[in-house]
Structure formats: structure tokens, C-alpha cells
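Listed here are the chains, written in short residue letters.
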Amino acid sequence: MPNLSKGTRKEWINAAADMGSYSASISFNLNNNQNYLQCSNGSFIRVFEPIFKALSISFSFFKNLSALGLGIKLYPYLSLFKSFPSSLSSSALHSSSNRAFLNSASSTLLSLRTPNKSPTLSRGMSSFSSTSLPTAEKETVEDNIQQLELLNGEYDSYDGVIVKMKDPMDPNEFGSLLRASLSQWKQQGKRGIWIKLPIELANLIEVVVKEGFHFHHAEHNYLMLVRWISETTNNLPANASHRVGIGAFVMNSNREVLVVQESSGKFKGTGVWKLPTGVVNEGEDICEAAIREVKEETGVDAEFVEVLAFRQSHCSFFTKSDLFFVCMLRPRSFDIQKQASEIEAAKWMPIDEYADQPFVKKHPGFDYVAKICLAKANDSYTGLLATPTYSPSGKMTYLYSNRKSEHTSAATFDSPL
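Residues numbered from 1 in each chain as written. Predicted model: local features only at pLDDT ≥ 70, side-chain atom pairs only at ≥ 80, totals over all residues. Heavy atoms only, no water.

Novice: For this particular structure, what's the right way to read the overall build of the chain?
Specialist: Looking only at helices and strands, one finds twelve helices and 19 strands in the chain. Out of the 417 residues in the chain, the part that is buried amounts to 47%. For the chain, the share of sequence-separated contacts (at least 6 apart) that also reach a separation of at least 24 residues comes to 64%. Per element, the accessible surface of the chain, about 21700 Å² overall, is 51% carbon and sulfur. (Helix = DSSP H or I, 4+ residues; strand = E, 2+ residues; numbered from the N terminus. Buried < 20%, exposed > 50% of the residue type's maximum accessible area, 1.4 Å probe, protein only. Contact = heavy atoms within 4.5 Å. Areas by Shrake-Rupley, 256 points an atom, 1.4 Å probe, with all protein chains shown as cover.)

Novice: How should I be thinking about the nonpolar core in this particular structure?
Specialist: Here is a general trend for soluble globular proteins: nonpolar side chains tend to be buried in one another's company. Ranked by size, the top nonpolar core spans 21 residues in total, and within it Phe249, Val257, Val259, Leu308, Ile351 and Tyr354 carry the most contacts. Top contributing element to this core by residue count: helix 11 (residues 364–377), with five residues. (Core = buried A, V, L, I, M, F, W, Y, C linked by side-chain atoms within 4.5 Å.)

Novice: What's the story with helix 11 in this structure? I'm lost.
Specialist: Side chains of residues three or four places apart in an α-helix project in the same direction, reflecting 3.6 residues per turn. Here helix 11 contains 14 residues, and its C-alpha end-to-end distance of 20 Å stays within 8% of the 20 Å for a straight helix at 1.5 Å per residue. Every buried residue of helix 11 is listed here: Asp367, Ala370, Ile372, Cys373, Leu374, Ala375, Lys376 and Ala377. Downstream of helix 11 by one or two residues, Asp379 has phi in the positive range, about 60 degrees. (Expected span 1.5 Å × (residues − 1).)

Novice: Would you mind going over the pattern of salt bridges with me for this structure?
Specialist: Oppositely charged side chains can form a pair if their charged atoms are brought close together. In total, this model carries 16 salt bridges according to the counting rule given. For Asp367, the salt bridge goes to Lys371, with nearest N and O atoms at 3.3 Å. Of the two residues, Asp367 and Lys371 both sit in helix 11, four residues apart, roughly one turn of that helix. Its relative accessible area of 14% is what places Asp367 among the buried residues. Bridged by salt links that share partners, the residues Glu284, Arg292, Glu293 and Glu296 form one connected network. (Salt bridge = Lys/Arg side-chain N within 4 Å of Asp/Glu carboxyl O.)

Novice: How do you make sense of the packing of aromatic side chains when you look at a structure like this?
Specialist: Note on aromatic pairs: each is described by the distance of the centres and the angle between the planes. Going through the model one piece at a time under the given rule, you end up with seven aromatic pairs. Between Phe304 and Tyr400 the ring centres are 6.3 Å apart and the planes differ by 75 degrees, which places this aromatic pair in the edge-to-face class. With Phe304 in strand 15 (residues 302–317) and Tyr400 in strand 19 (residues 396–401), this residue pair connects regions lying 96 residues apart in the sequence. Assessed through its relative accessible area of 21%, Tyr400 is described here as partly exposed. (Phe/Tyr/Trp six-rings, centres within 6.5 Å; stacked < 30°, edge-to-face > 60°.)

Novice: Explanation requested: unusual backbone geometry in the structure shown.
Specialist: When glycine is set aside, most residues are seen to have a negative phi, and most peptide bonds are trans. With phi around 70 degrees, Thr319 is a residue other than glycine that occupies positive phi space. The residue Thr319 is located in the loop between strand 15 and strand 16 (320–331) in this model. One non-glycine residue, Asp379, adopts positive backbone phi at about 60 degrees. By secondary structure assignment, the location of Asp379 is in the loop between helix 11 and strand 18 (385–390). Relative accessible area serves as the criterion here: at 56%, Asp379 is assigned to the exposed category.

Novice: Looking at this structure, how should I read helix 6 (residues 171–187)?
Specialist: The first and last C-alpha atoms of helix 6 sit 24 Å apart over 17 residues, in line with the 24 Å expected at 1.5 Å per residue. Counting buried positions along helix 6 yields 13 of 17 residues, so the element is predominantly enclosed. One side-chain oxygen of the residue at the start of helix 6 lies 3.0 Å from the amide nitrogen of Asn172, identifying that residue as Asp170. Count one or two residues on from helix 6 and you reach Gly189, which has phi positive near 85 degrees. (Polar contact = N/O pair within 3.5 Å; in protein donor to acceptor, adjacent residues only side chain to side chain.)

Novice: I keep staring at the sheet that holds strand 12 (residues 242–250) and nothing clicks. Help me out?
Specialist: Within a sheet, adjacent strands bond to each other through the backbone by hydrogen bonds, running parallel or antiparallel. Spatial ordering of the open sheet is given by 14-12-16-15, a layout of four strands whose pairing is mixed. Looking at which strands have only one partner, the edges of the open sheet turn out to be strand 14 (277–279) and strand 15. The mean inter-strand angle of the sheet, taken between neighbouring strand axes irrespective of direction, is 25 degrees. As defined by bridge partners, strand 15 adjoins strand 16 across eleven bridges and the pair is classed as antiparallel. Bridge assignment links Phe310 to a residue of strand 16, and that residue is Phe325. Sheet contacts for helix 11: strand 12, strand 15 and strand 16; angle to strand 15, the most-contacted strand, approximately 165 degrees. (Pairing = 2+ DSSP bridges. Axes fitted to C-alpha atoms, helices over the stretch in contact; angles between N-to-C directions.)

Novice: How should I be thinking about the sheet that holds strand 9 (residues 192–198) in this particular structure?
Specialist: The five strands lie next to each other as 7-8-9-11-10, forming an open sheet whose pairing is mixed. Both outer strands of the open sheet, strand 7 (154–155) and strand 10 (214–219), are each paired with one neighbouring strand and no more. Both strand 10 and strand 11 (residues 222–228) contribute to a ladder of five bridges, which runs antiparallel. Each residue of the ladder has a partner; that of Phe215, found in strand 11, is Leu225. In this fold helix 6 packs onto strand 7, strand 8 (161–164), strand 9 and strand 11, with an angle of close to 155 degrees to the strand it touches most, strand 9.

Novice: Honestly, the side chain of Glu262 in this entry has me stumped. Any pointers?
Specialist: Tracing the sequence through the fold places Glu262 in strand 13 (residues 256–262). A polar atom in the side chain of Glu262 sits 2.9 Å from the side chain of Lys274. Once you skip the residues sitting within four places of it in the chain, Glu262 turns out to touch Phe267, Lys268, Gly269, Lys274, Thr277, Glu342, Ile343 and Glu344.

Novice: Can you walk me through the confidence of the model for the chain in this structure?
Specialist: Parts of the model with low pLDDT should not have their predicted coordinates read in detail. Chain-level statistics for the chain give a pLDDT mean of 74 and a share of 61% at 70 or above. In the model, residues 407–417 has pLDDT below 50 throughout and makes 27 contacts with residues more than four positions away in sequence or in other chains. (pLDDT = per-residue confidence, 0-100.)

Novice: How do you make sense of the environment of Trp194 when you look at a structure like this?
Specialist: Assignment of secondary structure puts Trp194 in strand 9. The exposure class of Trp194 is buried, given its relative accessible area of 13%. Between the C-alpha atom of Trp194 and that of Met224, which follows or precedes it by 30 residues, the distance is 6.9 Å.

Novice: What should I look at first to understand the environment of Val207 in this one?
Specialist: Turning to its location among the elements, Val207 is positioned in helix 7 (residues 205–210). On the basis of relative accessibility, which here comes to 16%, the residue Val207 falls in the buried class. The contacts of Val207, once residues within four sequence positions are left out, are Pro171, Phe174 and Gly175.

Written out as C-alpha cells, the structure reads:
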């Protein structure tokens, strides 16, 4: 192969023509970041810079060269002006080193000589098809083409892709993979792209945001980012909009209700006796949360009876809305052991005394709940029982409904479950 590091345009054309026949018409475009080439069929091929600047041959020259119709085996030497990472993860490339690109100024960067084939990308890894080439030339092509791996993603049921990053990666390399993947997914008709970054890979957040992603939600150990890449209307679901809480109305056979005074929060030092309350944990049922909160705050074992009422409020917790369920429970034990970290005092209080507190009378929401509890104590109110049901996938859930035929037993404190 001739040394092409110097020479006129005519010498370049002649040298290229001597290299063999090129019958496929393939055009290339430099990606915006100039780290890889994109074929006309949407495929991506990773390229390196080491000898590009010295050659100073424009990319458009070789694009025009393929249009001459001279039957040319094309060995493009391109002028790129953005440095490529010097070290690349072996997981990103088939080839383990840059050796094929560093031998001389005339080293082959890209070899294409197939009548009907071009570099293609399959899901997860690009591949070059050279079935029409002799064995020796197949090896040369495969040795000299750097193939770009796409980010691994799971396809969801809504034409979306979920990428769960796990292993550390150089931000520049990750950016190249992300841009190539986005282009490929867009051609495949994908719409919403989700990227889950564990806290250990926080250094990649800026890269993802610069590619048009925004924060969707975060947990203590990861951040979820999302981007809508389709030309259709964005119908991505918003982040969770509500927090769910419970209040526990626990009454014994003496018409005494279990109440607490909190040692922190807005009720600290007010002297107000209130129902045990708390937040439902992720994956926890309302009925189970009520039982847990009573046990944690007072040490009393209880059994869920029914939901008496619920209310919705907005801008309650970091702009999120709030759903609060008032649940009736039946005590299974009566000795109180208050929670030292959150509860100042706990006791059994006559229900009429609880409902007559000045604070309760003053605030309509508290007063209304107290009246519902009184009505339930007087057997003149019917709540919602929890019925175990199953989804089509076999997941158990609870349906809360008013089943009149079963409320007689509930009113006499028999368990409906």
C-alpha cells in the first residue's frame, strides 16, 4: 500500500484506485462530537485520531471520491479536530488495542469492499458483514474496523428503553456510546429513554443531562433520568405525586381510645392527644402500615378492622400531595410501651374526652374524624373492609369496599380477614 502521508489530490485518487474495486455507494457523516462515523444506513463505526491531523485531508473529499464511480476500495483518512480518548474500555470495542492504527502514516483506518454489505449495528453490539471477501481480506477488515457497542437496555411495553448502568465508565466514552445509542433507538422508533444511574456513577450525570435528559425521580441509592426522543406527543408518566399516610383509631372494650403525644414535629409541646399516625412504606399495604405504626409508637399489638375515611391534601410534603387514611384497629394487647425517639407519652383515653379536646373542636378536620370515630363506637357508622384479591399476574392486593353483610361482625370486633 502506498504511503499517502504526502501527495497531491491526483496522487491520492490514483493511489485509492489502485487499491481495488469499490462498488457500494456509502456516504458518511461526522457525528456532532466527531468521535465516530455514521453510515448512510444509520450504522456507527468508531475511529481514531492519531494520524488524522498530519494528513489534513478533508472528509468531504472522500465523500465525493465514492461518487466518482471509478470502482474504488476506499481507505479514508479524515481530518478530525477533537481528541479521542487515549484509553478505551475493552468492553466497548471488539479490538483490544489501537495497534492497527499506529504503525505508520499510511495505516488503514477503514476498509470497505463489499458489493451489497455495509457496517451494521445489531442490538447491543455492532457487527461488520464481509461474507463476500476472501478469508485474508476478511481478517484485514475485521482487524481494522473499530466497532461501537451500544448501551445495553431493556425494551419496555411502551416503545421505551431502560438502561441500568452498573459498571464505572469514562465520561467521554460513555457520552459517545450514549449518542450512538440514542440515534439508533430513534431509528428503531423508540420513544422514552430511561437511564438509571446508581450513586456510585454520579460522575456521569452531567453527560446524560447534556444529551437532553432531565431528572425524573431519585431514591437514596440511584437517580433516574429520562428523555423523550420521538416526534410524537410526550406521554411519559410523571414522578409519583402522592405520599400515603395512616391514622389508627384503636378502641378497647371500655370505649377507650389509644392516643399519643409527640415529642417532635408541630405537635411537640402542645399537650394535644392524637391518634397514632405514620407514613406507609414502599410496598406496604395500608392495613399493614396501620398495624405497624401502632406497634412502633405504643407497643400495642392490634388487628386491622376497616378504613373509616380518607382525605387528600396538596403541597404537603416537598410539593407532593398527601393521602391520609383513618383506620380502625382492634387491640390484641393493652400494655403500653411508648416509642422513646418520637413519643412523649401514650395512654388509653375515654373516647368522649378525646373528642372534646379544645384543639380537636377548633379544627374542622380533626373534629370531623373524631365524630366518625364516635359514630363507629356507637355502631352507627360503616367503613371499608379489606378484601384480598389477585391481579392477572398473580400479585396479591387489597380491595377496600363496603360489604354490608360482613359489617355486623366488624362492629363486634371480629376480624374480617
